[in-house]
Amino acid sequence: MNQLLQRITILPDVCNGKPTIRGLRITVHTVLDFLSSGTTGEEILEQYPDLESEDIKACLVFASEITNHQYFMKAVA
């Protein structure tokens, strides 16, 4: 799993610091958005030939790790 997460890069000068795949200017959000709309991994790879199937898996692992943290809602007056 750690090897997959190494595919995700966060660089201040690339896509405004959003998580991207191997610095390719393809954001994790873009891949997850496609997947959530029903686009298959194969279709994503056709649209983005620089991506590899492991990159799509890395996006899913990254999302899982991010949502595994505890979050608290704070009341704002």
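See the structure shown above.
Residues numbered from 1 in each chain as written. Predicted model: local features only at pLDDT ≥ 70, side-chain atom pairs only at ≥ 80, totals over all residues. Heavy atoms only, no water.

Participant: Where do I start with the environment of Ile8 in this structure?
Facilitator: The topology assignment puts Ile8 in strand 1 (residues 8–9). A C-alpha to C-alpha distance of 4.8 Å links Ile8 and Ile21, two positions 13 residues apart in sequence. Excluding residues that lie within four positions of it along the chain, Ile8 makes contacts with Pro19, Thr20, Ile21, Val28, Ala58, Cys59 and Phe62. (Helix = DSSP H or I, 4+ residues; strand = E, 2+ residues; numbered from the N terminus. Contact = heavy atoms within 4.5 Å.)

Participant: Sorry if this is basic, but what is going on with the packing of helix 2 (residues 28–36) against helix 4 (residues 53–67) here?
Facilitator: For any two helices packed against each other, the geometry comes down to the angle between their axes and how far apart the axes lie. At a closest axis distance of 10 Å, the pairing of helix 2 and helix 4 adopts a crossing angle of 95°. Between helix 2 and helix 4, the angle is such that the two are roughly perpendicular. Contacts between helix 2 and helix 4 involve Val28, Val31, Leu32 and Leu35 on the former and, on the latter, Ile56, Cys59, Leu60, Phe62 and Ala63. (Axes fitted to C-alpha atoms, helices over the stretch in contact; angles between N-to-C directions. Parallel < 35°, antiparallel > 145°, perpendicular 65-115°, else oblique.)

Participant: Would you explain the nonpolar core in this entry?
Facilitator: Nonpolar side chains tend to gather and get buried jointly when the protein is soluble and globular. In this structure, Ile8, Ile21, Val31, Leu51 and Cys59 are the most contacted members of the largest nonpolar core, which totals 13 residues. When contributions to this core are tallied by element, the ones reaching two or more residues are helix 2 and helix 4. Here this core gets five residues from one element, more than from any other, and that element is helix 4. (Core = buried A, V, L, I, M, F, W, Y, C linked by side-chain atoms within 4.5 Å. Buried < 20%, exposed > 50% of the residue type's maximum accessible area, 1.4 Å probe, protein only.)

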